[in-house]
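Each chain is listed here by its residues.
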Amino acid sequence: MTLKLNQPESRHILGVRVDDVSLEEAINLIETWASTPVSGGRLVVTANPEYVMAARRDPAFRELINQAALVTPDGVGLMYAGRFLKQPFRERVTGVAMTHALARRSAETGLSLFLLGAAPGVAESAAEKFLELYPGVKIAGCWAGQAGLEGDAESIAQITATKPAIILVAYGMMKQDWWSVRNLSKSGAQVSIGVGGVFDYLAGKSKLAPQWMRRVGLEWLYRLWQEPWRWRRIMVAVPWFGSAVLLEVLRKRLRI
Ligand code: UDP
């Protein structure tokens, strides 16, 4: 899982690795990896401030991120943090954008995708949406499965039967990444990407924040409004992340 090809420059946001990569570069890397097998495959992490805060609390998760083939800056909070810390990212690279780009490319190249995760039936609806948007997209299979150890064997059986090049894993932060660490090498696929709530968006089960809110970095507020049960997670991660970034900026200014 560790081999890195044409690795983009990494930034360290509060000590956690995030790569300065554009969407186009990320897709090129993923396509190259999908067609050049290595043992273990390659994990792509879509990071946001919650990931950074989780990695600061959990050394094993920080190590997972450090060992990933690619860590994209998904989350406007990271874009601001990069700017404040004078380590700017060129582009925000979200799981949503990568998923669409890969589906579009799949229709042209035949690169096959497996949709793993989300509630039963959601991945199938997302696949239908893909077929509508990108006729010819190669969906190897869909499987909700279970994020924990108990679901691994059945998920691997489903995936190995369909031989996808890329697995899109939608089990949410940490669960999806640990799923890949446990299973990617057994799956026969070359790349797995943690895509969070992407299938829910595609299936129309949840809505993306309006463009203007995404642009000014208020996506978390929209999510809080739409999915109020998230308040505990969001209200812990966002202010702590912001404060930690400000503290780091001050520390750098005062050279302490
Ligand atoms: N999910 C799942 N099993 C789980 C936890 C989450 O299938 O045990 C799915 C959930 O249905 C959703 C996706 O994971 O489709 C992403 O969840 P979330 O929006 O919480 O992602 P995050 O914000 O953590 O990236």
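It should be noted that the structure appears before, not after, this text.
Residues numbered from 1 in each chain as written. Predicted model: local features only at pLDDT ≥ 70, side-chain atom pairs only at ≥ 80, totals over all residues. Heavy atoms only, no water.

Q: Explanation requested: the overall build of the chain in the structure shown.
A: Assigned secondary structure in the chain consists of 12 helices and 8 strands. For 256 residues, the compact-globule estimate of 2.2 N^0.38 gives 18 Å, and the C-alpha radius of gyration of the chain, at 18 Å, lies within 12% of that figure. Dimensions of the chain, computed from the C-alpha atoms along their principal axes, are close to 55 × 40 × 35 Å. A total of 256 residues make up the chain; the buried ones form 49% of that total. On the chain, roughly 12,200 Å² of surface is accessible, and the fraction owed to carbon and sulfur atoms is 58%. Distance from the positive charge centre (31 side chains) to the negative charge centre (23 side chains) of the chain: 6 Å. (Helix = DSSP H or I, 4+ residues; strand = E, 2+ residues; numbered from the N terminus. Rg over C-alpha atoms; globule rule 2.2 N^0.38 Å. Buried < 20%, exposed > 50% of the residue type's maximum accessible area, 1.4 Å probe, protein only. Areas by Shrake-Rupley, 256 points an atom, 1.4 Å probe, with all protein chains shown as cover. Lys, Arg positive; Asp, Glu negative; His and termini not counted. Charge placed at Lys NZ, Arg CZ, Asp CG, Glu CD.)

Q: Hey, could you run me through helix 8 (residues 175-187) in this one?
A: Three- or four-residue spacings in an α-helix give side chains the same orientation, since the helix completes a turn every 3.6 residues. Compared with the 18 Å implied by 1.5 Å per residue over 13 residues, the 17 Å span of helix 8 between its first and last C-alpha is a close match. Along helix 8, the sharpest change in direction is near 40° and occurs at valine 181. Along helix 8, the positions that sit buried rather than exposed are Gln176, Asp177, Trp179, Ser180, Asn183, Leu184 and Ser187. Glycine 188, located one to two residues past helix 8, shows a positive phi value of around 85°. (Expected span 1.5 Å × (residues − 1). Bend = angle between axes of the 7 residues up to and from the residue.)

Q: How should I be thinking about the pattern of salt bridges in this particular structure?
A: Should the charged atoms of two oppositely charged side chains come close, the side chains can pair. Applying the stated rule across the entire model yields 12 salt bridges. Note that aspartate 20 is salt-bridged to arginine 11, the shortest N-O span being 3.1 Å. Just as aspartate 20 is buried, arginine 11 falls in that class too. The residue arginine 90 makes a salt bridge to aspartate 20 at a minimum N-O spacing of 3.2 Å. Of this pair, arginine 90 sits in the loop between helix 4 (76-84) and helix 5 (95-109) while aspartate 20 sits in the loop between strand 2 (16-19) and helix 1 (23-35), and the two are 70 residues apart along the sequence. A residue is classified by how much of its surface remains accessible, and aspartate 20, at 7% relative accessible area, is buried. Here the salt bridges share partners, and the residues they tie into one network are Glu9, Arg11, Asp20, Glu25 and Arg90. (Salt bridge = Lys/Arg side-chain N within 4 Å of Asp/Glu carboxyl O.)

Q: In this structure, what is going on with the packing of helix 1 against helix 5? I would like to understand it.
A: Geometry of a packed helix pair, given as the angle between the helix axes and the separation of the axes. At a minimum axis separation of 10 Å, helix 1 and helix 5 run at an interaxial angle of 50°. Viewed along their axes, helix 1 and helix 5 adopt a mutual orientation that is oblique. Of the two elements, helix 1 crosses helix 5, and the hand of that crossing is right-handed. Contacts between helix 1 and helix 5 involve Leu23, Ala26, Ile27, Ile30 and Glu31 on the former and, on the latter, Ala97, Met98, Ala101, Leu102, Arg105 and Thr109. When grouped by side-chain class, the residues that make up the contact of helix 1 with helix 5 number 8 nonpolar, 1 polar and 2 charged. (Axes fitted to C-alpha atoms, helices over the stretch in contact; angles between N-to-C directions. Parallel < 35°, antiparallel > 145°, perpendicular 65-115°, else oblique. Left-handed = near helix turned anticlockwise from the far one by under 90°. Contact = heavy atoms within 4.5 Å. Nonpolar A, V, L, I, M, F, W, Y, C, P; charged D, E, K, R; others polar.)

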